[in-house]
Amino acid sequence: MGLKIEQRLLNNEFTEDEPKIFSTGVYLVPMKIKVEGKEKFIWVAEEFEDDTSLNEKNISVRVISNNIEELFNK
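First, a word on scope: everything that follows refers to the structure included in this document.

Cut-offs used in this document
- Residues numbered from 1 in each chain as written.
- Predicted model: local features only at pLDDT ≥ 70, side-chain atom pairs only at ≥ 80, totals over all residues.
- Heavy atoms only, no water.
- Pairing = 2+ DSSP bridges.
- Helix = DSSP H or I, 4+ residues; strand = E, 2+ residues; numbered from the N terminus.
- Buried < 20%, exposed > 50% of the residue type's maximum accessible area, 1.4 Å probe, protein only.
- Contact = heavy atoms within 4.5 Å.
- Patch = residues over 30% accessible without salt bridge, like charges linked within 9 Å, V, L, I, M, F, W, Y side chains within 5 Å.
- Areas by Shrake-Rupley, 256 points an atom, 1.4 Å probe, with all protein chains shown as cover.
- Salt bridge = Lys/Arg side-chain N within 4 Å of Asp/Glu carboxyl O.
- Lys, Arg positive; Asp, Glu negative; His and termini not counted.
- Charge placed at Lys NZ, Arg CZ, Asp CG, Glu CD.

This part takes up the sheet that holds strand β1 (residues 22-35). As summarised here, the arrangement of the three strands in space is β1-β2-β3, forming an open sheet in which the pairing is antiparallel. Only two strands of the sheet have a single neighbouring strand rather than two, namely β1 and β3 (57-58). Alignment of strand β2 (residues 38-54) against β3, held across two bridges, turns out to be antiparallel. By the bridge assignment, Ser53 is partnered in β3 with Asn58.

Rendered as structure tokens:
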């Protein structure tokens, strides 16, 4: 079950779902969050390595930013 579907089932939403990117090398770490007072765990990207693409074009991304547009290195 995908994160987005589980959020809908739990009647919560805590993430954006667009844009969706593909990466052949990404380091993921677990993050503990609380949903309706219950602890849940999700995977969060810590670092990107190798090819990452959006609309079949290679891109460079940041792990954290102030807005969606800044997630992409220019």
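So, on to the environment of Ile21. Tracing the backbone through its elements, the reader meets Ile21 in the loop between α1 (3-9) and β1. A residue is classified by how much of its surface remains accessible, and Ile21, at 31% relative accessible area, is partly exposed. Excluding residues that lie within four positions of it along the chain, Ile21 makes contacts with Phe48, Thr52, Ser53, Leu54, Ile59, Val61 and Phe72.

This next bit is on the side chain of Thr52. Checked against the element boundaries, Thr52 lands in strand β2. Beyond its immediate stretch of four places on either side in the chain, Thr52 contacts Ile21, Phe22, Ser23, Lys57, Asn58, Ile59 and Val61.

Another point: the pairing of β1. Both β1 and β2 contribute to a ladder of 13 bridges, which runs antiparallel. The partner of Lys34 across the bridge, within β2, is Glu39. Counted between consecutive antiparallel strands, the loop separating β1 from β2 contains two residues, among which Glu36 sits at a positive phi close to 50°.

A grouping of Glu46, Glu47, Glu49, Asp50 and Asp51 is seen on the molecular surface, where their side chains present a negatively charged patch. By the element assignment, Glu47 lies in strand β2. On the basis of relative accessible area, Glu47 is assigned to the partly exposed category, the value being 38%.

For the rest of this paragraph, the subject is unusual backbone geometry. Here Glu36, not a glycine, exhibits a phi torsion of approximately 50°, which is positive. With respect to the helices and strands, the residue Glu36 is situated in the loop between β1 and β2. Of the residues examined, Glu36 reaches a relative accessible area of 57% and is grouped as exposed. One non-glycine residue, Asn55, lies in the positive phi region at around 55°. Using a relative accessible area of 66% as the deciding quantity, one classes Asn55 as exposed.

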